[in-house]
Number of protein chains: 2
Amino acid sequence: MLVVQKFGGTSMGGCARIEAVARRVIESKKLYEDLVVVVSAMGDTTDDFLNLAHYFGARSNQRELDRLLSSGEQISSALLAIALESMGQKACSLSGSEAGILTDARYTKAQILDIDTAKIKELLAQNFVVVVAGFQGISPSGEITTLGRGGSDLSAVALAGALHAGLCEIYTDVDGIYTTDPRIVPRARKIDEISYEEMLELASMGAKVLFNRSVELAKKYNIPLVTRNSFNSTEGTRITSEEKILEKPIVSGIALDTDQARVNIVDALDYPGIAGEVFGLLAGAGINIDLIVQTVARNGKTDINFTVPKGDLEACLHVLKNLQNIGSIEHDDKIAKVSVVGVGMRSHSGIASAVFNALAKENINILMIGTSEIKISVVVEVGVAELALKTLHTAFKLDL
Amino acid sequence: MLVVQKFGGTSMGGCARIEAVARRVIESKKLYEDLVVVVSAMGDTTDDFLNLAHYFGARSNQRELDRLLSSGEQISSALLAIALESMGQKACSLSGSEAGILTDARYTKAQILDIDTAKIKELLAQNFVVVVAGFQGISPSGEITTLGRGGSDLSAVALAGALHAGLCEIYTDVDGIYTTDPRIVPRARKIDEISYEEMLELASMGAKVLFNRSVELAKKYNIPLVTRNSFNSTEGTRITSEEKILEKPIVSGIALDTDQARVNIVDALDYPGIAGEVFGLLAGAGINIDLIVQTVARNGKTDINFTVPKGDLEACLHVLKNLQNIGSIEHDDKIAKVSVVGVGMRSHSGIASAVFNALAKENINILMIGTSEIKISVVVEVGVAELALKTLHTAFKLDL
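Report on the accompanying structure. (Residues numbered from 1 in each chain as written. Chains lettered and ligands numbered in written order. Predicted model: local features only at pLDDT ≥ 70, side-chain atom pairs only at ≥ 80, totals over all residues. Heavy atoms only, no water.)

**Some remarks on the interface of chain A and chain B**
You'll often see interface size given as the accessible area lost when the parts meet.
Move 1: Each partner contributes to the interface: chain A provides 38 residues, whereas chain B provides 38 residues.
Move 2: Regarding the contact of chain A and chain B, the summed buried area is about 3,100 Å², with carbon and sulfur atoms giving 61% of it.
Move 3: The largest per-residue losses of area from chain A upon contact with chain B belong to F56, Q74 and I82 of chain A, which jointly make up 22% of the total buried on that side.
Move 4: In this structure, the connection of chain A to chain B is made through two salt bridges.
Move 5: Between E98 of chain A and R67 of chain B there is a salt bridge; the shortest N-O distance is 2.4 Å.
Move 6: Where the side of chain A that touches chain B is concerned, the elements lending two or more residues are helix 1 (15-32), helix 2 (45-54), helix 3 (62-86) and strand 3 (91-94) of chain A.
Move 7: Per element, the largest residue contribution to the side of chain A that touches chain B is 17 residues, and it comes from helix 3 of chain A.
Move 8: Here the side of chain A that touches chain B is composed, by residue class, of 20 nonpolar, ten polar and eight charged. (Contact = heavy atoms within 4.5 Å. Buried area = accessible area lost by both parts, 1.4 Å probe. Salt bridge = Lys/Arg side-chain N within 4 Å of Asp/Glu carboxyl O. Helix = DSSP H or I, 4+ residues; strand = E, 2+ residues; numbered from the N terminus. Nonpolar A, V, L, I, M, F, W, Y, C, P; charged D, E, K, R; others polar.)

The structure is reproduced here in structure tokens:
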């Protein structure tokens with residue numbers, strides 16, 4: 001089986017850790033036969049490079065910045081290949097460009113357009129472990145590009161897709177995906193298996209082990225994604241398609257997002273297209289909206305409630321100043337969103353009321369509610385957010 | 001005029017220094033119009049990388065080592081381009097490969113085969129300062145190679161040759177080439193102008209500002225080479241062809257080499273071909289011989305004296321064990337070689353006797369003598385080497 005493994009910056013943080021990664025790679029090579037390993041830059045290398053560049057001003061030339069940043073993975077990939085070779089394992093490192101990762105020309109946030117796998121396949125056929133520098137590619141005009149945050153994960157998943165890999169393993173410094181944030185709820189459990197869809201909902205809510213771009217790509221290629229800990233032998237969490245998951249829990253996990261602010265447009269004139277007008281303005285300004293609630297109109301007036309990332313609040317309020325025919329605009333950034341996620345909801349009714357009842361028992365006031373097929377989100381005051389998280393974690397029997 | 005400038009590791013050691021280099025480059029751009037800048041890795045980067053690699057064993061995979069090492073210049077070239085752009089100067093960094101530097105496939109000590117200057121010329125035509133990562137190239141099969149010690153100088157000179165540059169400036173942390181080592185002879189003077197030939201003799205004797213490979217290449221292309229200090233505005237030393245030097249001093253400089261050992265083959269049977277046999281054996285073992293002196297035979301026996309680098313002494317003695325028909329082999333590594341160099345010797349007689357007389361006055365015993373058209377070397381005991389150097393420096397009126 002062809003497997004793509006990805007090791008993050010912490011896993012590659014220093015020679016001793018790279019040596020440990022090399023040992024694990026050699027074990028995996030015995031197990032899987034064909035192995036492509038994608039690596040991030042060592043430890044804080046990327047931040048160190050950004051600091052160097054910032055010496056010369058806040059905004060560096062983007063072409064040159066990408067050349068600077070991409071060298072971090074050139075270093076770590078060469079070192080891992082050196083470590084593997086020193087242990088007797090044939091290994092060959094490739095830059096993103098050499099690995100055939102073609103991107104568009106948007107420096108620092110390029111998107112992968114295509115992958116030419118010829119060179120990797122040739123090396124695999126010669127029994128090399130192919131070590132690919134993550135986070136980078138080459139533009140159609142032959143310039144080095146980088147893929148932005150989470151870029152090495154994306155390199156790994158995209159390579160897995162292009163190579164029709166049987167599995168893509170993402171090694172980090174945590175054991176996998178948890179039912180909720182273990183720093184807040186110590187009784188949070190590691191999830192053994194979860195669907196792409198649930199993972200997407202949990203990730204966007206703050207479970208930052210994997211970026212959504214990577215999960216979406218894995219879903220597109222239907223490649224099982226495993227996140228696991230490079231520092232131990234725990235099995236990790238398998239992210240796969242819903243059909244392949246035998247036991248579908250009603251609730252898989254609960255996410256907390258404290259990075260949202262709530263905006264309330266009070267007494268807007270209720271005419272057809274008012275919502276389209278409001279959110280068109282915001283979309284035009286590049287502001288992402290999350291939950292939206294519109295009340296039933298009374299006396300021809302309606303309230304439009306929504307949440308935005310805290311960082312976008314100011315821009316949002318600025319844009320809305322131009323709105324005609326509204327009463328006032330209120331906002332509140334002392335809120336948090338708690339989301340209950342599970343594919344089992346599709347076939348189970350009563351989950352929403354179970355959420356509301358559990359919170360009511362603890363006297364937690366719900367400010368907003370939003371639902372999707374596999375998710376129920378409630379907005380609460382930030383002061384009771386952790387209590388809400390713990391309450392729901394217990395109510396849905398997720399505690400260890 | 002098209003000018004190639006090269007900045008070494010000390011000149012690029014940290015952001016403040018890179019900023020100073022950028023300011024100098026911008027001044028030069030105004031002066032010269034077309035500017036290609038070759039950079040070394042920042043400060044001790046290359047040594048740091050070697051230490052990382054050595055963690056995994058004394059001998060790293062050479063392909064991967066070159067990939068690791070070459071990233072040092074990728075970093076420094078991108079940072080210089082970022083600095084230039086931040087000051088409003090259009091700049092574009094290129095790796096050795098992108099700059100068209102084609103080498104053979106000998107990792108860690110590749111030789112430049114050819115340079116395709118198309119991309120550099122295209123960028124120069126668009127008024128970019130082209131910043132080239134030194135010390136590296138690409139092999140015919142598309143693999144990154146490095147050029148070995150002094151490699152960035154070589155990149156600069158080779159680019160200057162391929163681009164028919166009017167000048168190649170090598171920036172280091174010293175003011176230029178001195179009449180002798182100023183650490184030993186404080187009254188040593190900076191040389192304003194020197195011929196390639198003299199420079200080659202001085203460099204091979206230990207004046208380590210420029211490696212011979214670079215001087216030879218500059219001589220081949222007949223490109224004036226200037227070494228100067230990046231930390232001040234001193235004019236530096238111009239290395240050029242003998243014809244272009246108006247005032248030809250009889251003695252340009254005096255070099256001290258304490259890295260040689262003397263080997264004496266005593267009472268070798270004197271038959272035609274004995275010297276060929278001895279030095280054939282040593283050449284076969286890759287041992288470089290410097291001075292050779294063979295005495296006139298007496299009673300059919302002769303002494304063969306020569307010097308070898310100290311590091312090769314053991315190997316040399318091992319090889320010579322197989323020699324037949326000799327008396328004994330003596331060796332002595334407590335020696336030093338002092339060489340008086342000057343193109344003026346070609347037209348002046350009496351320089352050799354001036355050397356011997358000056359040393360005799362100080363009671364310095366000469367162990368061996370070797371001469372060439374533009375050089376007289378004497379081997380003395382290491383204990384009197386510095387006295388010999390000072391004596392000759394004064395005798396030939398080189399003192400400040």
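There is more to say, and it comes next.
**Regarding helix 5 (residues 151-162) of chain B**
All names here are of chain B.
Move 1: Taking 1.5 Å of rise per residue, the twelve residues of helix 5 would be expected to cover 16 Å, and the 16 Å separating its terminal C-alpha atoms lies within 8% of that figure.
Move 2: The buried count for helix 5 comes to eleven of twelve residues, which makes it a mostly enclosed element.
Move 3: Residues of helix 5 that are buried include every one of G151, S152, D153, L154, S155, A156, V157, A158, L159, A160 and G161, and no others.
Move 4: H164 occupies a position one or two residues after helix 5 and carries a positive phi of about 50°. (Expected span 1.5 Å × (residues − 1). Buried < 20%, exposed > 50% of the residue type's maximum accessible area, 1.4 Å probe, protein only.)

**Notes on helix 4 (residues 118-125) of chain B**
Residues and elements named next belong to chain B.
Move 1: Among the residues of helix 4, I120, L123 and L124 are the ones counted as buried. Burial along helix 4 is one-sided: seen end-on, the buried residues are contained in an arc of 100°.
Move 2: For helix 4, the elements touching its buried residues are strand 1 (2-7), strand 2 (34-39), strand 3 (91-94), strand 6 (129-133) and helix 5.
Move 3: Just past helix 4, the residue N127 takes up positive phi, approximately 75°. (Arc of directions from axis to C-beta.)

**Looking at the relation of the copies chain A and chain B**
Move 1: Of the transformation superimposing chain A on chain B, the axial component is 0.1 Å and the angular component is 180°, with the fit at an RMSD of 0.1 Å. A rotation of that kind, with that shift, is consistent with a two-fold axis. Across chain A, the smallest distance between a C-alpha and the rotation axis is recorded for S71 of chain A, namely 2.8 Å.
Move 2: Same-surface contact between copies: 100% of interface residues of chain A are shared with the interface of chain B. (Least-squares fit on C-alpha atoms with pLDDT ≥ 70 in both.)

**Points about the sheet that holds strand 14 (residues 260-269) of chain A**
All names here are of chain A.
Move 1: Overall, antiparallel pairing links the four strands, which are arranged 15-16-14-17 in an open sheet. Strand pairing shows two members of the sheet lacking a second neighbour, strand 15 (292-294) and strand 17 (328-332), which therefore form its edges. With direction set aside, neighbouring strand axes in the sheet form an average angle of 15°.
Move 2: Packed onto the sheet, helix 8 (residues 274-284) meets strand 14, strand 15 and strand 16 (301-309) and runs at close to 25° relative to strand 16. (Pairing = 2+ DSSP bridges. Axes fitted to C-alpha atoms, helices over the stretch in contact; angles between N-to-C directions.)

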